[in-house]
Amino acid sequence: MRETCVTCDETGSWDEASAAEWNGDLPRTAAEFLALEEAILGAAARQADAEIARYLEKVHQDEAFVTGAIALARARRPGKKLRHKGRESTWVQLPGGTRVPLRTPYLREERAQRQGRPRKVRGPTGSGVYPVLEALGITDRVTPWVRREWSLLAIQCGSFREAAAILEQRGPHVEPTAVARVAQSTSQADQALRDEALAQACAQPVPEDGPLAGLRVRVSVDGGRVRTRDPYPGRKTARGRHRYDTPWREPRMLVIDVLDEKGATDKMRLPLYDVLMGDAEATCTLIIGYLRLLGAAYAQQVEFIADGAEWIWDRAEQIRQKADIPADRWREVVDFYHASEHLHEAVQRCRRVPADEREAWYEVLRRSLRRDTDGVDLVIESLHDQAHGRGARKVKEAITYFEKHRDRMAYAQLDTRHLPVGSGPVESAIRRVINLRFKGPSIFWNPDTVEDLMHLRAAFKAGRWTEMILRVLNHAFPPPSFEPLSPHQRDALLPVEPDLHNPETNVAQASDAPR
């Protein structure tokens, strides 16, 4: 990362010193014009850095602001006694690539009050705080703009090296490790704020005027797959590396979106995505916290939809009760397309039915399951008649599956209530948030790293990137908004259009074709 001495004239124009970088005459070729563009943009970036550095210097001369920043830093750490150590030297990375040196107030915990042996090793996040920089959103030695852009590139690009290469094309040389550090720090800060806000929501009454009050809400949950890197302890190889295992882990995705009166996704309201690498209990706690924070107890209708995973349905009633959602507003649904897959597998195991007739029989049962009021009973009865001979074990397992979820497969009733039968949004979210960035051949992740990055990518893909960045900068986690947006606002916030036209999300035009 380069260090640059920044100067510019009073008007901020492209002066002779900057023009000297362009040593040619007027550009006559495409390559020459590209070089001219790069020179002008580089000069403009350095001039912008000079202006930012000038404002930083002025802020440090404002004694009232400095005093307030010190008081705010202490108020944010009520359990610590921070001592003012005067002004210390540090530096800040500016958007144009300049590292500007600063002498800024520094607070450190009073070591005389500590119990136990003195700590000789510096903590992972340092031992003190720069209150003025923190008040301006400058942490990890980067400005808010740099934090936002580096973190975004970390989750958009295929690797940290690609992100660093793109930044270098724009001017500053950045190490891939620096991009990773800033992105993870941003995610960890937002996750800490989220966990604190959800814990408070679980300890307080559900707000009657929450963002979901009066709305028709769908809550979808499903699991993805990423491969992690688990090093073996002990001796290293001849190349100085630890051997490692590569177990698959299941990141669990949560999607909360709003339905319109016809049961389709309300396209003018942003969904909420979040993802967790924790176990089933941690995921359940996350869902309960969000539903309480958003006031789902006062929603017009809450549809809880997922596939047949046991860890989800074993805790569904617990989620409803702890979220204080009335039973008459809560509807549990097994995704119709996952139920169809179970039905198809069971039909293929029915050896008494000729092989060339099984597909047609499956279509009849599937249509009955989807359209008839007693469709699930007909499916169970039909499979009972075939649960004999070879393949009977798989058929009986399917019967048990349909019997357990009988009340969650009343798809004809869902049509009358204008509620969807599929979990298309969460399936789409898993593909766009997890699979397209974190899953691939020879890609292995540290579990903590991939969870941090998935949290950032979930916010970006849901159109809530700016919302997330402002939470981190403001040290606050307000309830996410579900207010309707204009088409222009929505298109600006959702650079990648979600799969809103998937027939799984549309009740009125739900397809009966196999997925």
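Residues numbered from 1 in each chain as written. Predicted model: local features only at pLDDT ≥ 70, side-chain atom pairs only at ≥ 80, totals over all residues. Heavy atoms only, no water.

Caption draft 1: Quick peek at the packing of helix H7 (residues 176–203) against helix H8 (residues 280–293). Between H7 and H8, whose axes approach to 8 Å, the crossing angle comes to 70 degrees. With respect to H8, the element H7 is oriented roughly perpendicular. Where H7 crosses over H8, the two elements pack in a sense that is left-handed. Of H8, the residues touching H7 (which contributes Arg-194, Leu-198, Ala-201 and Cys-202) are Leu-286, Ile-288, Gly-289, Tyr-290, Arg-292 and Leu-293. The class makeup of the residues in the contact of H7 with H8 is seven nonpolar, one polar and two charged. (Axes fitted to C-alpha atoms, helices over the stretch in contact; angles between N-to-C directions. Helix = DSSP H or I, 4+ residues; strand = E, 2+ residues; numbered from the N terminus. Parallel < 35°, antiparallel > 145°, perpendicular 65-115°, else oblique. Left-handed = near helix turned anticlockwise from the far one by under 90°. Contact = heavy atoms within 4.5 Å. Nonpolar A, V, L, I, M, F, W, Y, C, P; charged D, E, K, R; others polar.)

Caption draft 2: Main features of the pattern of salt bridges. As enumerated under the stated definition, the model contains 24 salt bridges in all. Ionic pairing is found between Arg-194 and Asp-195, a salt bridge with its closest N-O pair at 3.0 Å. The exposure class of Arg-194 is buried, given its relative accessible area of 3%. We note a salt bridge from Arg-320 to Glu-317, for which the minimum N-O separation is 2.7 Å. Of this pair, Arg-320 and Glu-317 both sit in helix H10 (residues 316–322), three residues apart, which is roughly one turn of that helix. Here the salt bridges do not stand alone but share partners, grouping Asp-190, Arg-464, Glu-467 and Arg-471 into one network. (Salt bridge = Lys/Arg side-chain N within 4 Å of Asp/Glu carboxyl O. Buried < 20%, exposed > 50% of the residue type's maximum accessible area, 1.4 Å probe, protein only.)

Caption draft 3: Molecular detail of the sheet that holds strand E1 (residues 82–93). Judged by pairing direction, the sheet is antiparallel, and its three strands sit side by side in the order E1-E2-E3 without closing on themselves. Every interior strand has two partners, whereas the edge strands, E1 and strand E3 (128–129), have only one. Sheet contacts for helix H2 (residues 30–61): E1 and strand E2 (99–109); angle to E2, the most-contacted strand, approximately 35 degrees. (Pairing = 2+ DSSP bridges.)

Caption draft 4: View of the pairing of strand E12 (residues 330–334). Taken across its five residues, E12 has five buried, putting it largely inside the fold. Here E12 shows two buried faces, one formed by Trp-330, Glu-332 and Val-334 and the other by Arg-331 and Val-333. Examined bridge by bridge, strand E11 (residues 301–306) and E12 share five bridges and lie parallel to one another. Bridge pairing in E12 places Ile-305 opposite Val-333.

Caption draft 5: Here's a closer look at the pairing of E11. For E11, a buried count of six out of six residues is recorded, marking the element as mostly surrounded by other parts of the structure. The side-chain alternation of E11 yields two buried faces, one formed by Gln-301, Glu-303 and Ile-305 and the other by Val-302, Phe-304 and Ala-306. Sheet analysis places strand E4 (residues 216–223) next to E11, joined by six bridges and oriented parallel. Considered in E11, the bridge of Val-217 is made with Val-302.

Caption draft 6: The packing of helix H12 (residues 355–371) against helix H13 (residues 375–386), seen in detail. Following both chains from N to C, one finds H12 and H13 inclined at 150 degrees, their axes separated by 7 Å at the closest point. It follows from the interaxial angle that H12 and H13 lie roughly antiparallel. Contact residues: Trp-361, Leu-365, Ser-368 and Leu-369 in H12; Gly-375, Val-376, Leu-378, Val-379, Ser-382, Leu-383 and Gln-386 in H13. Of the residues belonging to the contact of H12 with H13, the class tally is seven nonpolar, four polar and no charged.

Caption draft 7: Seen up close, H12. For H12, which comprises 17 residues, the first-to-last C-alpha distance of 25 Å matches the rise-based estimate of 24 Å (1.5 Å per residue) to within 8%. Residues Arg-358, Tyr-362, Leu-365, Arg-366, Ser-368, Leu-369 and Arg-370 constitute the buried set of H12. Summarising the contacts, the buried residues of H12 are in contact with helix H11 (336–348), H13, helix H14 (392–404) and helix H15 (411–416). (Expected span 1.5 Å × (residues − 1).)

Caption draft 8: Spotlight on empty space enclosed by the protein. With the rule as written, the count across this model stands at four cavities of 30 Å³ or more. Volume-wise, the second largest cavity comes out at about 110 Å³. Forming the boundary of the second largest cavity are Leu-272, Tyr-273, Asp-274, Tyr-290, His-455, Ala-459, Arg-464, Glu-467, Met-468, Arg-471, Phe-477 and Pro-480. Taken together, the elements giving at least two residues each to the lining of the second largest cavity come down to strand E10 (272–276), helix H17 (447–461) and helix H18 (465–474). Here the residues of the lining of the second largest cavity sort into seven nonpolar, one polar and four charged. (1 Å grid on protein atoms, 1.4 Å probe; cavity = no way out; pocket = protein on both sides within 12 Å on 5 of 7 lines; lining within 4 Å. Points joined across faces, edges and corners; volume = space filled by probe spheres on them.)

Caption draft 9: Region of the structure containing the sheet that holds E4. Spatially, five strands are ordered E10-E9-E4-E11-E12 in an open sheet, and the strand pairing comes out mixed. The open sheet has two edge strands, E10 and E12, and neither has a second partner. For this sheet, the mean inter-axis angle between neighbouring strands, taken without regard to orientation, is 20 degrees. Contacting E4, strand E9 (252–259) and E10, helix H16 (residues 424–438) crosses the sheet at an angle of about 130 degrees to E9.

Caption draft 10: Representation of the side chain of Asp-49 within the structure. Following the sequence through the fold, Asp-49 ends up in helix H2. With a relative accessible area of 1%, Asp-49 lands in the buried category. Of note is the side chain of Asp-49, whose polar atom sits 3.4 Å from the backbone nitrogen of Gly-97. (Polar contact = N/O pair within 3.5 Å; in protein donor to acceptor, adjacent residues only side chain to side chain.)

Caption draft 11: Representation of the nonpolar core in the model. Within the largest apolar cluster, 70 residues are counted, with the highest numbers of intra-cluster contacts made by Ile-256, Leu-291, Leu-383, Phe-402 and Tyr-411. Among the elements that take part in this core, H8 stands out by supplying eight residues, more than any other. The contacts of Ile-256, once residues within four sequence positions are left out, are Leu-212, Val-217, Arg-218, Val-219, Pro-271, Leu-272, Tyr-290, Leu-291, Leu-294 and Phe-482. Core analysis: the second largest hydrophobic core is formed by 42 residues, Tyr-273, Met-277, Ala-429 and Met-468 among them. (Core = buried A, V, L, I, M, F, W, Y, C linked by side-chain atoms within 4.5 Å.)

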